[in-house]
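The primary structure of each chain is shown beneath.
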Amino acid sequence: MRSPKGVIDNHVKCFGEGDLDGILSDYAADAVLFTPQAPLKGVGEIRPLFEAMLAEFGKPGTTFSLEHLAVEGDNGYILWTAETADNVYELATDTFVVRDGKIAMQSFASKITPKH
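Residues numbered from 1 in each chain as written. Predicted model: local features only at pLDDT ≥ 70, side-chain atom pairs only at ≥ 80, totals over all residues. Heavy atoms only, no water.

1. Side note on the pattern of salt bridges
For step 1, the next point in the chain: Under the definition given, this model contains seven salt bridges.
For step 2, the next point in the chain: The partner of Asp26 in a salt bridge is Arg2, and the shortest N-O contact between them spans 3.0 Å. Residue Asp26 is found in the loop between α2 (20-24) and β1 (27-34), and its partner Arg2 is found in the segment before α1 (4-17); the two are separated by 24 residues along the sequence.
For step 3, the next point in the chain: We classify Asp26 as buried; its relative accessible area is 0%.
For step 4, the next point in the chain: On the accessibility criterion, Arg2 (34% relative accessible area) is partly exposed.
For step 5, the next point in the chain: Residue Arg47 is joined to Glu51 by a salt bridge in which the shortest nitrogen-to-oxygen separation is 3.9 Å. Placement of both Arg47 and Glu51 in helix α3 (residues 43-57) is noted, with a separation of four residues, approximately one turn of the helix. (Salt bridge = Lys/Arg side-chain N within 4 Å of Asp/Glu carboxyl O. Helix = DSSP H or I, 4+ residues; strand = E, 2+ residues; numbered from the N terminus. Buried < 20%, exposed > 50% of the residue type's maximum accessible area, 1.4 Å probe, protein only.)

2. Describing the side chain of Gln106
For step 1, the next point in the chain: Among the secondary structure elements, Gln106 is positioned in strand β6 (residues 102-114).
For step 2, the next point in the chain: When sequence neighbours within four positions are dropped, the list of residues in contact with Gln106 reads His11, Tyr27, Val32, Leu33, Phe34, Asp94, Thr95 and Phe96. (Contact = heavy atoms within 4.5 Å.)

See below:
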């Protein structure tokens, strides 16, 4: 079974590679991902969020910078910035709870400025 750090490292790596299946494999079947709009429950509800993000982040000229990663026990936190063709992610954070080698809970928040 992967450690919480191993799960989060894989999550970031798969996101950077545009690997949707790899990203989704990090989640427990009943995981909850809290977003500013609403909680997403289960991999079926989480999938469309990552499909949209990977489409945006897959455009030419995208930059991504992982500013900070911390893991304490089963809890993890990342702080990142990015710029895509559509948006500037001035500040973005994800907080994770990892249980039994899978993400059980995640929260995501960011300050996004549209370019157009």
